[in-house]
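# Remarks on the overall topology
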Amino acid sequence: MSAPPLNSIVLSFEDARRVVEEQAALVSAGAVESVDLLAAAGRVLAEPVLADRDLPPFPRSTRDGYAVRSTDLSQLPTTLDVIGEIKAGANLEQIPPNVGTGQTVSIMTGAPVPAGADAVVMVEYTSLRGKQVEVTRSVVPGENIVPRGAEAREGALLLDRGVGLNVADIALAASAGKSRLQVYKRPRVAVLTTGDEIVDIDAKPGPTQIRNSNSYSLAAQIQHAGGEPVLLPVAPDELQGLRHLIEEGLKFDLLLMTGGVSMGRYDLVEQVLSEMGAKFFFTGAKLQPGRPVVFGQCSVGGPARERLATYFFGLPGNPVSTMVTFELFARPMLEALSGKVPSKLIFLHVRLKKEIRIKTGLTRFLPAVLSGEFEHSEVELVTWQGSGDVAATARANCYAVIPPNRENIPAGEWIPVMLL
Ligand code: AMP
Ligand code: MG
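### What about the pattern of salt bridges?
Two side chains with opposite charge may pair up if their charged atoms get near one another. Under the defined criterion, the tally for this structure stands at 21 salt bridges. Two residues, Glu 327 and Arg 331, come together in a salt bridge whose shortest N-O distance is 2.9 Å. With Glu 327 and Arg 331 both in helix α6 (residues 319-337) and four residues apart, the pair spans about one turn of that helix. Through salt bridges with shared partners, one network takes in Glu 327, Arg 331, Glu 335 and Lys 340.

### Quick word on helix α3 (residues 214-224)
Among the residues of α3, those classed as buried are Asn 214, Ser 215, Ser 217, Leu 218, Ala 219, Gln 221 and Ile 222. Where α3 is buried, its residues contact β14 (188-193), β17 (228-231), β18 (254-258), β22 (310-315) and α6.

### What about the packing of aromatic side chains?
Per the counting criterion, the structure on display carries nine aromatic pairs. Summarising the aromatic geometry, the rings of Phe 281 and Phe 295 are spaced 4.9 Å apart at their centres and angled 40° between planes, so their arrangement reads as tilted. Residue Phe 281 is located in strand β19 (residues 279-282), and its partner Phe 295 is located in strand β21 (residues 294-298); the two are separated by 14 residues in the primary sequence. Like Phe 295, Phe 281 is buried.

### Description of the sheet that holds strand β5 (residues 65-68)
Strands sit in the order β8-β5-β7-β6-β10-β9 across an open sheet of six strands; the sheet is mixed. With partners counted over all chains shown, the strands left at the sheet margins are β8 (119-122) and β9 (126-129), one partner each. Strand after strand, the sheet turns through a mean of 40° between neighbouring axes, direction not considered. In this sheet, strand β7 (residues 103-107) lies alongside strand β6 (residues 78-86) in parallel orientation, the contact comprising four bridges. Residue Ile 86 lies in a different strand from β7, and its bridge partner there is Ile 107.

### Thoughts on the layout of surface pockets
Empty space within the largest pocket amounts to approximately 630 Å³. Along the walls of the largest pocket sit 19 residues, with His 224, Glu 327, Arg 331, Leu 419 and Leu 420 positioned nearest its centre. Within the residue set of the lining of the largest pocket, elements represented by two or more residues are α3, α6 and β29 (414-419). Broken down by element, the lining of the largest pocket gets its largest block of residues, five residues, from α6. Within the lining of the largest pocket, the residues separate by chemical class into ten nonpolar, four polar and five charged.

### Section: the site of ligand 1
Near ligand 1 there are 15 residues, and of these Thr 193, Glu 197, Asn 212, Gly 260 and Gly 317 occur at the shortest range. In the model, an oxygen atom of ligand 1 is placed 2.5 Å from a nitrogen or oxygen of the Glu 197 side chain. Separating a nitrogen atom of ligand 1 from a backbone N or O atom of Ser 213 is a distance of 3.0 Å. If ligand 1 stood free it would expose 480 Å²; the protein chains cover 78% of that surface. Class assignment for the residues of the shell around ligand 1 results in three nonpolar, nine polar and three charged.

### Here's the deal with the pairing of strand β20 (residues 284-288)
With three bridges joining them, strand β1 (residues 10-12) and β20 adopt parallel strand pairing. Counterpart to Val 10 in the pairing with β20 is Gly 284. In this sheet, strand β25 (residues 363-371) lies alongside β20 in parallel orientation, the contact comprising two bridges. Across the sheet, Gln 288 pairs through a bridge with Arg 364, a residue of β25.

### Digging into unusual backbone geometry
Here Leu 55 and Pro 56 are connected by a cis peptide whose omega angle stands at -10°. Pro 289 follows Gln 288 through a cis peptide bond whose omega is -5°. As for its placement among the helices and strands, Pro 289 is situated in the loop between β20 and β21. Its identity as a non-glycine residue notwithstanding, Asn 144 has a phi of 65°, on the positive side. In this structure, Asn 144 sits in the loop between β10 (132-135) and β11 (145-146). Backbone geometry at Phe 374 places phi at a positive 50°, although glycine is not the residue there. With respect to the element layout, Phe 374 can be found in the loop between β25 and β26 (378-381).

### Observations concerning the packing of helix α1 (residues 13-24) against α6
Two elements in contact, α1 and α6, have axes separated by 9 Å at closest approach and are oriented at 10°. The angle between α1 and α6 falls in the class roughly parallel. Along its contact with α1, which presents Phe 13, Ala 16, Arg 17, Val 20, Gln 23 and Ala 24, the element α6 presents Glu 327, Leu 328, Phe 329, Pro 332, Met 333 and Ala 336.

### Observations regarding the environment of Glu 335
You can see Glu 335 is positioned in helix α6. Note on Glu 335: relative accessible area 1%, which makes it buried. Sequence separation of Glu 335 and Ala 29 is 306 residues, and the distance between their C-alpha atoms is 9.3 Å.

### With respect to the nonpolar core
By size, the foremost hydrophobic cluster in this structure holds 55 residues, and its most contacted members are Phe 282, Phe 313 and Phe 329. With eleven residues, the single largest contributor to this core is α6. Once residues lying within four places of it in the same chain are set aside, the contact partners of Phe 313 are Val 20, Leu 254, Leu 255, Leu 256, Met 257, Val 294, Phe 295, Phe 329, Ala 330 and Met 333. If you look at the next biggest cluster of nonpolar residues, it comprises 23 residues, including Ala 190, Ile 246, Val 261 and Met 276.

Basis of the calculations
- Residues numbered from 1 in each chain as written.
- Chains lettered and ligands numbered in written order.
- Predicted model: local features only at pLDDT ≥ 70, side-chain atom pairs only at ≥ 80, totals over all residues.
- Heavy atoms only, no water.
- Salt bridge = Lys/Arg side-chain N within 4 Å of Asp/Glu carboxyl O.
- Helix = DSSP H or I, 4+ residues; strand = E, 2+ residues; numbered from the N terminus.
- Buried < 20%, exposed > 50% of the residue type's maximum accessible area, 1.4 Å probe, protein only.
- Contact = heavy atoms within 4.5 Å.
- Phe/Tyr/Trp six-rings, centres within 6.5 Å; stacked < 30°, edge-to-face > 60°.
- Pairing = 2+ DSSP bridges.
- Axes fitted to C-alpha atoms, helices over the stretch in contact; angles between N-to-C directions.
- 1 Å grid on protein atoms, 1.4 Å probe; cavity = no way out; pocket = protein on both sides within 12 Å on 5 of 7 lines; lining within 4 Å.
- Points joined across faces, edges and corners; volume = space filled by probe spheres on them.
- Nonpolar A, V, L, I, M, F, W, Y, C, P; charged D, E, K, R; others polar.
- Near = heavy atom within 4 Å.
- Polar contact = N/O pair within 3.5 Å; in protein donor to acceptor, adjacent residues only side chain to side chain.
- Areas by Shrake-Rupley, 256 points an atom, 1.4 Å probe, with all protein chains shown as cover.
- Parallel < 35°, antiparallel > 145°, perpendicular 65-115°, else oblique.
- Core = buried A, V, L, I, M, F, W, Y, C linked by side-chain atoms within 4.5 Å.

Any functional reading would require information beyond the geometric quantities listed.
Encoded structure:
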C-alpha cells in the first residue's frame, strides 16, 4: 500500500505564496448575476459603477453657520445683514440668488452654499441680533465648503469590476442610485476530507475516531472568502474510494482536500492525483503549521484536457494547519475565481509581551492573543499542543508571524501579526 516516491517540491513560504499568486493571475471569473444592493456586501462587482451626477451635486456646507464672503471678515468683530436661511434640501426658489458685500445667509449642514458666498463661518462664532449677526472669527476662502464635484465628477468611475464590496463601496453605489448590482457568481468549492478515523458530526464517534471539524472550518472560510462550499463525503484512506471522490471534487471550480498529504503510509492523496496525471506546483512549504501543503492542477479526463484542469489544494489534516494553509494559499485562488483581485496579506506590527524561543528554518504562524488599545497594544502566544489544538486557536485572535531565521525574540520587540 505504500505510495511510490513522488518528486517532492518543497518551497519557502514566500515562493509557495508567489506560485499561487502567479496561477491565480491566470484565472478568469465566471458567470454574472444581478443582486439587490442590500445583498451585495462582500460580493465581487462585475460592472463598473459610474457617478450619475457630480458628488456633491452642489457646493455643500459642512457646518451649521453663516455663508459669507470671506473678505467681509477682515475686521473683527463685524456685523452682517442676514438675508435668508437655507436648510438641507431647500427648494431652489428659497435660495437667495446672491450674497452681496455686507450680507450673509444662515445655512445648515448639507445645504447648498449660495452664489457670492465663498465660506461658511460656524454658528459657534456668531451671535444673532434680530436680522443681523455679529461674527467674531475670520474664515479662509473655501472654509467649510466641499465644492461641487470635488468628490467625483459626473461620469467618473466610482467602483471598478473586481472590487470586493465593502461597507464604503455599498454607500458609494447607493449614492450613485444603484439599487441592483451585477456581481460574479460565487465559485463552488468542493471540500473533501480524508481519513479512516474521521466521522461526521451527527455520528457517535468510536473510542479512536475523530469528528470531522475541517470540513466545517473550511466551509466557513470559503463562505467568508466569497465561495460556496460543497461538502463531499469523507474519503477513506484507500486508493479506489479516494480516487472516486477526488474525481467528483475536480468537477467543481476548486477542490480543497484535507489530510492524507503527509509522509505516512496511508497518506495517499498525492499518489492518487499523480496517477490521474495531475501537475504539482509544490508538495510542501517551509512553514508551521502547514508544512505538507500541496498545490496542483488536474483534469478528470487526464492530462490531455489540461485546458479544463481544476486547481486543487491538499491541505494538511491537522485542524490548525488546515485553517492556516487555507488563508495563506487557497484564499487568493478562491478570490481570483470569484472575479476579485486577490488581496495581499496584511501584517500589523505589535509589541511582543513575552519572549518567544523557537527553532529556525520555518516561517511560523502561531496562534496568539492581541490585546490592549491605543498605544498599549501587545501580543502574546497562546499555549498550545501543536497544530491539532483547535481549542487553543479558538482562544486566539491573530497569528504571530515569525520569519524562518529567528530563534529567540525578546519581549518588547515589534513583531508582525496577521489577524485571524
Ligand atoms: P493527516 O494529515 O491525514 O495525517 O491528519 C493529521 C491529523 O489531523 C490527524 O490527527 C487526523 O486525525 C487529524 N484530522 C484529519 N482530518 C481531520 C478532520 N477532517 N477533522 C479533524 N481532524 C482531522
Ligand atoms: Mg489522515
